[in-house]
Amino acid sequence: MSPVAPPPPGMLEARMAELTGRHVPFVKATVVRARRPASARPGDTALVLADGRIEGFVGGVCAEATVRVQALRTLRSGESLLLRISPEETADGTGEPVVEEGAVSVSNPCLSGGELEIFLEPLRPAPRVLVFGESPIARAVLAFGPVLGYAITSVSGADVLGAGTLAGTRAVVIASHGRDEERLLIAAVRAGVPYIGLVASPRRGAAVLAGLGPELDEEQRARVRTPAGLWIGARTPGEIALSILAEVVRAVRSPVPGADDAEGVEAAAVAVPVTAVDPVCGMEVAAAEAGTPYSDAGGGRQWFCCAACREAYEKDPARYARAEAETGAGTS
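Reading the values: rules and limits
- Residues numbered from 1 in each chain as written.
- Predicted model: local features only at pLDDT ≥ 70, side-chain atom pairs only at ≥ 80, totals over all residues.
- Heavy atoms only, no water.
- Core = buried A, V, L, I, M, F, W, Y, C linked by side-chain atoms within 4.5 Å.
- Buried < 20%, exposed > 50% of the residue type's maximum accessible area, 1.4 Å probe, protein only.
- Helix = DSSP H or I, 4+ residues; strand = E, 2+ residues; numbered from the N terminus.
- Contact = heavy atoms within 4.5 Å.
- Phe/Tyr/Trp six-rings, centres within 6.5 Å; stacked < 30°, edge-to-face > 60°.
- Salt bridge = Lys/Arg side-chain N within 4 Å of Asp/Glu carboxyl O.

Chemist: Any details on the nonpolar core? Residues and values, ideally.
Modeler: Residues Val-48, Val-58, Val-67, Leu-83, Leu-116, Ile-118 and Leu-120 are the most contacted members of the largest nonpolar core, which totals 26 residues. For this core, the leading source of residues is helix H2 (residues 61-77), giving six residues. If sequence neighbours within four positions are ignored, Ile-118 has contacts with Ala-29, Thr-30, Val-31, Val-32, Val-58, Val-67, Leu-81, Leu-82, Leu-83 and Ile-85. Counting 21 residues, the second largest nonpolar core, distinct from the first, contains Leu-130, Leu-184, Ala-188 and Val-189.

Chemist: Tell me about the packing of aromatic side chains, and please be specific about residues and values.
Modeler: Overall, the coordinates contain three aromatic pairs when judged by the stated rule. Plain terms: the ring middles of Tyr-294 and Trp-303 are 5.2 Å apart, the flat faces sit at 50° to each other, and that makes the pair tilted. For Tyr-294, a relative accessible area of 28% corresponds to the partly exposed category. Overall, the relative accessible area of 9% leaves Trp-303 in the buried class. With 5.2 Å between their ring centres and 50° between their planes, Phe-304 and Tyr-313 make a pair best called tilted.

Chemist: Explain unusual backbone geometry residue by residue, including any values.
Modeler: Look at the link from Thr-226 to Pro-227: it is a cis peptide, with omega at -5°. Within the fold, Pro-227 resides in the loop between strand E12 (224-225) and helix H9 (237-252). Of note, Asp-180 is a non-glycine position whose phi angle comes to about 60°, a positive value. One can find Asp-180 in the loop between strand E10 (169-174) and helix H6 (181-190).

Chemist: Tell me about the pattern of salt bridges, residues and numbers included.
Modeler: Side chains that differ in charge, positive against negative, can pair when their charged atoms come close. Taken as a whole, this structure holds 17 salt bridges when the rule is applied. Measuring nitrogen to oxygen at the nearest pair gives 3.2 Å for the salt bridge that ties Arg-22 to Glu-18. Owing to a relative accessible area of 37%, Glu-18 belongs among the partly exposed residues under this scheme. Across the salt bridge formed by Glu-247 and Arg-225, the nearest N and O atoms sit 2.8 Å from each other. Of this pair, Glu-247 sits in helix H9 while Arg-225 sits in strand E12, and the two are 22 residues apart along the sequence. Among the residues examined, Glu-247 registers a relative accessible area of 2% and is labelled buried.

Chemist: I'd like a description of the environment of Leu-82, backed by residues and values.
Modeler: One can find Leu-82 in strand E4 (residues 81-86). Separated by 36 residues in sequence, Leu-82 and Ile-118 place their C-alpha atoms 5.8 Å apart. Non-local contacts of Leu-82, meaning those with residues more than four positions away in its chain, are made with Val-32, Gly-102, Ala-103, Val-104, Glu-117, Ile-118 and Phe-119.

See the structure below:
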């Protein structure tokens, strides 16, 4: 098989700019050291998306399998990592990855003999928060944006009702004191925004939600936080804004199940990566349909580091099923 050529200069940079502009999380993987024989060279770069797809080049399919697993973990944690891949046994002799501060060493038996060191840099978009209203509380929420590092933006009701405005939004705060509240709440709930806060008194907030009965069911109405904010005894607009943003932070830092578009998943909503063991070579691989070969030939889905291992398995699934039963390997 001929080696895969790295993408033309500028292509990955353009793709990175596109993903960043769409608030899509990804990992930039850069080869910083390569020991021959290895198909990758220092400076080779790839992007790893939340669904396991790899765009670019950081080595052959077996190296890619290891990069995919570790990159998805860094995407979840948000911490950069130096990944060392070698065909030799890891230092502790157990065959398990050796984790150090800021680095992990992985034994990859499929490599052709060379070694790779790859820097994994998760690039997660700033959580996007939309604020509706021109009240003192709304202005105070907006003022906290630079401090938190969140992308907090003031928008009007007409803006949010436009196509695609709520895509990628992690929180909506409605502090418009009765203006366009119902339409905004319905749009945010139906768009699946993780946090929706309505600034209102308990009595008025309950009345607003009750009025949404014909449009939203009970479960959907329960997703609206009103009065918005954690209870901290807040009284001033600044204190109330702080309580609201504390509640937003809690929502942003919590995983959100179910996403229709794997590219559109916000950073905090990236699923915990599911891994499996290749029954042929014993490598840990990501159970991700977008990038990992798999087979249902043995009656249950098996994942592989490369097509060659899948072909070997499909010739005699029963053989590998017996070996798997003896070792207890499986998806985790």
